[in-house]
Amino acid sequence: MRIDLHTHSSYSDGVLTPAALVERASANRVEVLALTDHDETGGLAEATGAACEARIAFVPGVEVSITWAGLTLHVVGLGINATNAALAEGLAGIRLSRGLRAVQIAEQLAAAGIPDSLAGASRLAGHAAAIGRAHFARFLVEQGFAADTQSAFKKYLGRAGCAYVTHRWASLGHAVAWIHGAGGRVVLAHPDRYGLTPVQMHALFDEFKELGGSALELSGGSRANPVALLRSAKHFGFSLSAGSDFHAAVKGVADVGEIPPIPDCASRLWQDWEALRPAA
Ligand code: AMP
Ligand code: MN
Ligand code: MN
Ligand code: MN
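Everything numeric in this text was worked out from a predicted model, so none of it was measured.

Draft legend 1. Region of the structure containing the site of ligand 1. Around ligand 1, the structure places Asp 13, His 38, Arg 98, Arg 101, Gly 132, Arg 133, Thr 149, Gln 150, Phe 153 and His 247. With respect to ligand 1, the side chain of Asp 13 contributes an N or O atom lying 3.2 Å from an oxygen atom. Compared with its free state, where it exposes 500 Å², ligand 1 has 75% of that area covered by protein. Looking at the shell around ligand 1, the elements with two or more residues in it are helix H3 (85–111) and helix H6 (149–157). The element best represented in the shell around ligand 1 is H6, accounting for three residues. Of the residues belonging to the shell around ligand 1, the class tally is one nonpolar, five polar and four charged.

Draft legend 2. Main features of the side chain of Asp 255. On the secondary structure map, Asp 255 appears in the segment after strand S7 (239–243). Within polar-contact distance, the side chain of Asp 255 engages the side chain of Asn 28 at 3.4 Å. If sequence neighbours within four positions are ignored, Asp 255 has contacts with Asp 4, Arg 24, Asn 28, Ser 244 and Phe 246.

Draft legend 3. Expanded view of the coordination of the manganese ion (ligand 3). Bound to the manganese ion (ligand 3) are the protein donor atoms Glu 63 (OE), His 74 (ND1) and His 190 (NE2), situated 2.1 to 2.2 Å from the metal. In terms of primary sequence, the donors binding the manganese ion (ligand 3) are separated according to E-x10-H-x115-H.

Draft legend 4. Broad picture of the sheet that holds strand S6 (residues 215–219). Judged by pairing direction, the sheet is mixed, and its seven strands sit side by side in the order S1-S2-S3-S4-S5-S6-S7 without closing on themselves. The open sheet has two edge strands with one neighbour each: strand S1 (3–4) and S7. As defined by bridge partners, strand S4 (residues 71–78) adjoins strand S5 (residues 185–188) across four bridges and the pair is classed as antiparallel. Bridge pairing in S5 places Val 75 opposite Leu 188. Contacts between helix H2 (residues 44–54) and the sheet are confined to strand S2 (32–35) and strand S3 (57–68), with S3 contributing the most and set at about 150° to the helix.

Draft legend 5. Local environment of the pattern of salt bridges. In total, this model carries five salt bridges according to the counting rule given. Between Glu 142 and Arg 123 there is a salt bridge, with the nearest N and O atoms lying 2.8 Å from each other. With Glu 142 in helix H5 (residues 133–142) and Arg 123 in helix H4 (residues 117–125), the pair connects residues that are 19 residues apart, well separated along the chain. Relative accessible area serves as the criterion here: at 40%, Glu 142 is assigned to the partly exposed category. Judged by its relative accessible area of 49%, Arg 123 falls in the partly exposed class. For the salt bridge of Asp 245 with Arg 193, the shortest nitrogen-to-oxygen distance reads 2.8 Å. Placement of the pair is Asp 245 in the segment after S7 and Arg 193 in the loop between S5 and helix H8 (198–210), with a sequence separation of 52 residues. Overall, the relative accessible area of 27% leaves Arg 193 in the partly exposed class.

Draft legend 6. Spotlight on the nonpolar core. The biggest cluster of nonpolar side chains holds 67 residues, and the ones touching the most others in it are Leu 5, Val 64, Ile 66, Val 75 and Leu 78. Considering every element that reaches this core, the biggest residue donor is S3, with seven residues. If near-sequence neighbours (up to four positions away) are discounted, Val 64 is found in contact with Asp 39, Leu 73, His 74, Val 75, Leu 91, Ile 94, Ala 175, Trp 178 and Ile 179.

Draft legend 7. View of helix H9 (residues 226–236). All buried positions along H9 are accounted for by Leu 229, Leu 230, Ser 232, Ala 233 and Phe 236. Axial view of H9: buried residues confined to an arc of 160°, hence all on one face. In this structure, H9 carries Arg 231, Lys 234 and His 235 as exposed residues pointing more than 90 degrees from its buried face. Among the structural elements, H8, S6 and S7 are those in contact with the buried residues of H9. Trailing H9 by a residue or two, Gly 237 shows a phi angle of about 80°, which is positive.

Draft legend 8. A look at the pairing of S6. Most of S6 sits out of view: five of its five residues are buried. Going residue by residue along S6, you find Ala 215, Glu 217 and Ser 219 tucked away on one face and Leu 216 and Leu 218 tucked away on the opposite face as well. In the sheet, S5 pairs with S6 via two bridges, with the strands oriented parallel. Along S6, the bridge assignment pairs Leu 188 with Leu 216. Regarding topology, H8 serves as the crossover connection from S5 to the parallel S6, and that connection is right-handed. One ladder, built from five bridges, connects S6 with S7; its direction is parallel. Note that in S7 the partner of Ser 219 across the bridge is Gly 243.

Here is what the cut-offs are and how they apply
Residues numbered from 1 in each chain as written. Chains lettered and ligands numbered in written order. Predicted model: local features only at pLDDT ≥ 70, side-chain atom pairs only at ≥ 80, totals over all residues. Heavy atoms only, no water. Near = heavy atom within 4 Å. Polar contact = N/O pair within 3.5 Å; in protein donor to acceptor, adjacent residues only side chain to side chain. Areas by Shrake-Rupley, 256 points an atom, 1.4 Å probe, with all protein chains shown as cover. Helix = DSSP H or I, 4+ residues; strand = E, 2+ residues; numbered from the N terminus. Nonpolar A, V, L, I, M, F, W, Y, C, P; charged D, E, K, R; others polar. Contact = heavy atoms within 4.5 Å. Donors = N, O, S within 2.8 Å, 3.2 Å for Na, K, Ca; no water. Pairing = 2+ DSSP bridges. Axes fitted to C-alpha atoms, helices over the stretch in contact; angles between N-to-C directions. Salt bridge = Lys/Arg side-chain N within 4 Å of Asp/Glu carboxyl O. Buried < 20%, exposed > 50% of the residue type's maximum accessible area, 1.4 Å probe, protein only. Core = buried A, V, L, I, M, F, W, Y, C linked by side-chain atoms within 4.5 Å. Arc of directions from axis to C-beta. Right-handed = clockwise from strand over helix to strand, strands pointing away.

Written out as structure tokens, the structure is:
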């Protein structure tokens, strides 16, 4: 079964509308698709309708930004009821803080000699309330301050960049509680992409297990050997989730439906994907 449980639309920092994303998934013969915009569920209704027409099983999701031990991490909620009040309020709070951070990023860029980036990033974000660094990156590329997104992050927006703003996101405990409260399963997104030490990784998995987390994610952008992740999943009793983390069609980057191969012995979160659909 071709699945993709981690994708983005224009409601966050993806470039395709939810309907266009579903269309691309359909062209790529994806059978089970989740939309997981950053801190935002506004695209789910459109994606649900489009998936129904395309006969794709749709899993409503979200990718929540969290701060854990001073580090920014992401957890994915799958099978959420987006109308749940606590989840909606929690996400609205994060989006509000994204807006405040965007002002600070623009100030840093102005200090580096790049004016008007807030207006530019907002224009590129369109109606997306979840304004983020990817929108700033696109603005920097558009204006010729960076050759590509990667170098925009390296020079300006990444942790070592001159316009990096330290930010406090939601706590892991809150994010997990919101997702569980909305009937969803919680997945630790791309654990191999945070540069954690083995000791930090172990502490994170321990806490995640304690809180009732369900799965570790193998993502399209995974750099590390999945063997270590599989071993951890087995050790802690997590199943595996998998997704492309698709944002836009870019050469050399995972397309919708492109996920790393999952060994037969692994326990798959989507084995019982009907359970990932929220109760009506
Ligand atoms: P934010 O949540 O606004 O801080 O932005 C995080 C998003 O920026 C990620 O979800 C990616 O879409 C993008 N991103 C982060 N680091 C990089 C990078 N080095 N190159 C390209 N995109 C990146
Ligand atoms: Mn993103
Ligand atoms: Mn992420
Ligand atoms: Mn993502």
